[in-house]
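Fold and geometry: a report
Spelled out from the first residue to the last, the chains are:
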Amino acid sequence: MREKVILVIGGAGYIGSQCCKAFAASGWRVVVFDNLSTGWRDFVQWGELIEGDILDQGALDAAFQKVRPVAVAHFAALANVGESVADPALYYRTNVVGSMNVLDAMRRQDCRQLVFSSTCATYGVPRYLPLDEEHPQAPINPYGQSKLAVERMLVDYARAYGLRYVGLRYFNAAGADPDGDVGERHEPETHVIPLAIQGADDPAYEFTVFGDDYETRDGTALRDYVHVADLADAHCKALDYLDAEGASGFFNLGTGAGTTVAEIAAAVEKVSNRKLRKRVGARRPGDPAVLTASATRAAEALNWKPTRLDVVDAVRDAWRWRQIETDGDRGE
């Protein structure tokens, strides 16, 4: 019987590192494969790091031959929507070609179980809410298109080659490790909670609210924020599901509830006990007023339900992480 080894592609990033911690706690031997272009060496705390790029088929093959994993968790991707519009070739090359390289390396090593990091961006503009997995997929940017292309590749590889997969469509990942081991560190930062926290913590920074005239309860955009630790739990349950011969498929990960940008700002002020410096800017093109998830399928099939439902918990963990980062200067 092969050792319970998981190769975590992109395991040095925000969500991947949190999942590595959860995998290790669940009894997996974790090996991370990451080129550290957007990940961080100090986030690799629960297993060996193999430095390599998913666009380098030889490096991938060498890693698979060395590790001989029984499962793969694939997080490696570029995920900046604006950048994807400006440079779609970069996104198709990294996210689609890179993912095909991962799948082909799995085939050569006879590794058949995959948990794939997907996104609600594959749905595009919502036709109804909450979004369930049957909602039409019509992405409105190259990032979403690239992720949808990989999803379709998974279906075809499963049919032709015996791949078994779970694709997890995240809504808005939020927070940091409750223990403070890892957290959100992006350069540049584009996510709303760390930016709002910066507005409370950095006197030189002004947090921008993009639009205050949406048809929501306070006029600001409403999103479904799911705590990163709950996301990690979902990945562990996805591996259990595959191990129990569950059928391949795609699953939304969200809370089913929505929080507005104004409510995020208020939560930051509550947690930090500081006034948030902010201003109102114009709406961003393509931003819908509301995005919320139906995660019923994940609850029924994966036995997953988020436990950190109050966005204040995510803000509190993110605020604590900000203080760790500021005090410790641990970035590499």
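What comes next concerns the included structure. Please read these numbers as outputs of a predicted model, since none were measured by experiment.

Criteria and thresholds
Starting afresh in each chain, residues are numbered from 1 along the sequence in its written order. Whole-chain, interface and lining totals are the exception, using all residues; otherwise, since this is a predicted model, local features are given only for residues with pLDDT of at least 70 and side-chain atom pairs are given and counted only at 80 or more. Working from all heavy atoms in the structure, the side-chain values ignore hydrogens and water. Secondary structure elements follow DSSP: runs of H or I no shorter than four residues count as helices, runs of E no shorter than two count as strands, and numbering proceeds from the N terminus. Between the two quantities, the radius of gyration covers C-alpha atoms and the globule rule is 2.2 Å times the number of residues to the power 0.38. Only protein chains enter the calculation, and the probe is 1.4 Å; a residue is then buried if its accessible area is under 20% of its type maximum, exposed if over 50%, and partly exposed in between. Each nonpolar core is a collection of buried residues, namely Ala, Val, Leu, Ile, Met, Phe, Trp, Tyr and Cys, held together in the definition by side-chain atoms within 4.5 Å. Working rule for contacts: check all heavy atoms of both residues, and any pair within 4.5 Å makes them a contact. When DSSP finds at least two bridges between two strands, those strands are taken to pair. Only the stretch in contact is used when fitting a helix axis, every axis being a line fitted to C-alpha atoms; angles between N-to-C directions are given from 0 to 180 degrees. Take the number of residues in a helix, subtract one, and multiply by 1.5 Å to get its expected span. The arc in question is formed by the directions pointing from the helix axis toward the C-beta atoms. Angular relationships are summarised with four words: roughly parallel below 35 degrees, roughly antiparallel beyond 145, roughly perpendicular across 65 to 115, and oblique for the angles in between. Two helices crossing with the near one rotated counterclockwise from the far one by less than a right angle form a left-handed crossing, whereas a clockwise rotation gives a right-handed crossing. Gly is placed with the polar residues, together with every amino acid not listed as nonpolar (Ala, Val, Leu, Ile, Met, Phe, Trp, Tyr, Cys and Pro) or charged (Asp, Glu, Lys and Arg). Salt-bridge detection follows one rule: a side-chain nitrogen of Lys or Arg within 4 Å of a carboxyl oxygen of Asp or Glu. Patches were defined on residues exceeding 30% relative accessible area and lacking a salt bridge, with like-charge contacts within 9 Å and nonpolar side-chain contacts (Val, Leu, Ile, Met, Phe, Trp, Tyr) within 5 Å. Values of accessible area rely on a 1.4 Å probe in the Shrake-Rupley scheme; residue burial ignores everything except the protein chains shown.

What follows deals with the overall build of the protein chain. From N to C terminus, the protein chain includes 10 helices and 14 strands. The C-alpha radius of gyration computed for the protein chain amounts to 19 Å, which stays within 12% of the reference 20 Å derived for 332 residues, consistent with globular compactness. Based on the C-alpha atoms only, the size of the protein chain along its principal axes is roughly 55 × 45 × 40 Å. Each of the 332 residues in the protein chain was classed as buried or not, and the buried ones make up 55%.

What follows covers the nonpolar core. Counting 38 residues, the largest nonpolar core has Ile6, Ile15, Phe23 and Leu168 as the members making the most contacts within it. Of all the secondary structure elements, the ones that give two or more residues to this core are strand 1 (5-9), helix 1 (14-25), strand 2 (29-34), strand 4 (71-74), strand 6 (164-170), helix 7 (228-243), strand 11 (249-253) and helix 9 (296-302). At nine residues, helix 7 tops the list of elements feeding residues into this core. Once residues within four sequence positions are removed from consideration, Ile15 is found in contact with Phe75, Tyr170, Ala173, Val228 and Leu231. Among the nonpolar cores identified, the runner-up in size contains 28 residues, and Val5, Leu60, Val150 and Met153 belong to it.

Glancing now at the sheet that holds strand 5 (residues 113-119). Read across the sheet, seven strands follow the order 3-2-1-4-5-6-11 without closing on themselves; strand pairing throughout is parallel. Sheet topology places strand 3 (47-51) and strand 11 at the edges, where each strand pairs with a single neighbour. Geometrically, the sheet is characterised by an average inter-axis angle of 20° between neighbouring strands, direction not taken into account. The pairing of strand 4 with strand 5 spans four bridges and is parallel. Residue Ala73 lies in a different strand from strand 5, and its bridge partner there is Val115. Sheet strands touched by helix 7: strand 1, strand 4, strand 5, strand 6 and strand 11. Its angle to strand 6, the strand with the most contacts, is close to 160°.

If you check helix 8 (residues 261-272), its first and last C-alpha atoms are 16 Å apart, about what 12 residues at 1.5 Å a residue would give, namely 16 Å. Every buried residue belonging to helix 8 is among Val261, Ile264, Ala265, Ala267, Val268 and Ser272, and all of these are buried. Angularly, the buried residues of helix 8 cover 160° about the axis, an arc narrow enough to put them on a single face. Backbone geometry just after helix 8 places Asn273 at a positive phi near 55°.

Take the packing of helix 1 against helix 7 next. Where helix 1 meets helix 7, the closest approach of the two axes is 8 Å, and the angle between their N-to-C directions is 55°. Looking at the two axes, helix 1 sits oblique to helix 7. The element helix 1 and its partner helix 7 pack so that their crossing is right-handed. Taking contact as the criterion, the partners of Tyr14, Ile15, Gln18, Cys19, Ala22 and Phe23 in helix 1 are, on helix 7, Val228, Ala229, Leu231, Ala232, His235, Cys236 and Leu239. A class-by-class count of the residues in the contact of helix 1 with helix 7 yields 11 nonpolar, two polar and no charged.

Ordered by their spatial adjacency, three strands build an open sheet running 12-9-14, and the pairing between neighbours is mixed. Each edge of the open sheet carries a strand with a single partner, namely strand 12 (259-260) and strand 14 (290-291). As judged from the two bridges shared by strand 9 (residues 222-223) and strand 14, these two strands associate in the parallel manner. Bridge pairing in strand 14 places Leu222 opposite Val290.

What follows concerns the pattern of salt bridges. Under the defined criterion, the tally for this structure stands at 26 salt bridges. The salt bridge involving Lys21 is made with Asp177; its shortest N-O contact spans 2.9 Å. Placement of the pair is Lys21 in helix 1 and Asp177 in the loop between strand 7 (172-174) and helix 6 (192-201), with a sequence separation of 156 residues. You can call Lys21 buried: its relative accessible area is 16%. In this structure, Glu263 engages Arg217 in a salt bridge whose closest nitrogen and oxygen atoms are separated by 2.7 Å.

So, on to a nonpolar patch on the surface. A surface patch of nonpolar side chains, amounting to about 210 Å² of accessible area, comprises Leu55, Val97 and Met100. Position of Met100 among the secondary structure elements: in helix 4 (residues 88-109). Under the relative-accessibility criterion, Met100 is labelled partly exposed at 33%.

A few words now on unusual backbone geometry. Omega for the bond connecting Leu129 with Pro130 falls within 30 degrees of zero, at -5°, which places this linkage in the cis form. With respect to the helices and strands, Pro130 occurs in the loop between strand 5 and helix 5 (142-161). The peptide bond linking Glu187 to Pro188 adopts the cis configuration, its omega dihedral lying at 0°. Mapped onto the elements, Pro188 comes out in the loop between strand 7 and helix 6. Phi is positive for Asp110, close to 55°, though the residue is something other than glycine. With respect to the helices, strands and loops of the structure, Asp110 is situated in the loop between helix 4 and strand 5.

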